[in-house]
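Examination of the molecular architecture
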Amino acid sequence: MSQKYTISVLVENHFGVLARVSGLISARAFNIDSLTVSTTEDPTVSHMTIVVDAEPVKLEQVKRQLGRLIDVIGVQELSEG
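Report on the accompanying structure. (Residues numbered from 1 in each chain as written. Predicted model: local features only at pLDDT ≥ 70, side-chain atom pairs only at ≥ 80, totals over all residues. Heavy atoms only, no water.)

1. Details of the pairing of strand 2 (residues 31-39)
In this structure, strand 2 lies alongside strand 3 (residues 45-54), joined through eight bridges in antiparallel fashion. By the bridge assignment for strand 3, Leu 35 is matched with Ile 50. Following strand 2, the chain reverses through five residues before pairing antiparallel with strand 3. (Pairing = 2+ DSSP bridges. Helix = DSSP H or I, 4+ residues; strand = E, 2+ residues; numbered from the N terminus.)

Structure follows, in structure tokens:
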């Protein structure tokens, strides 16, 4: 059974990172419900907040694959509360 999950991703602020991250998620047949990108205090780093509708097992796979992307600094699943 799928449910909504929120993933926080820190990425290097380079051209094309948003396309690579969203492409990886959509290639796994996940629907992105929400995607927010903002800068951080460090202008070379951006923060992405992604809400996806997924099954828990497949979500873990996507988090691992996101972590393998070159421009990704860190991936964390945010829990409610």
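So, next bit.
2. Topic: the side chain of Gln 65
Mapped onto the secondary structure, Gln 65 falls in helix 2 (residues 56-68). One polar contact links Gln 65 to Arg 28, side chain to side chain, over a distance of 2.7 Å. Setting aside chain neighbours within four positions, we find Gln 65 in contact with Leu 24 and Arg 28. (Polar contact = N/O pair within 3.5 Å; in protein donor to acceptor, adjacent residues only side chain to side chain. Contact = heavy atoms within 4.5 Å.)

3. Let's talk about the environment of Ala 27
Secondary-structure assignment places Ala 27 in helix 1 (residues 17-27). Residue Ala 27 is classed as exposed on the basis of its relative accessible area, which comes to 56%. With 21 residues separating them along the chain, Ala 27 and Thr 6 place their C-alpha atoms 18 Å apart. (Buried < 20%, exposed > 50% of the residue type's maximum accessible area, 1.4 Å probe, protein only.)

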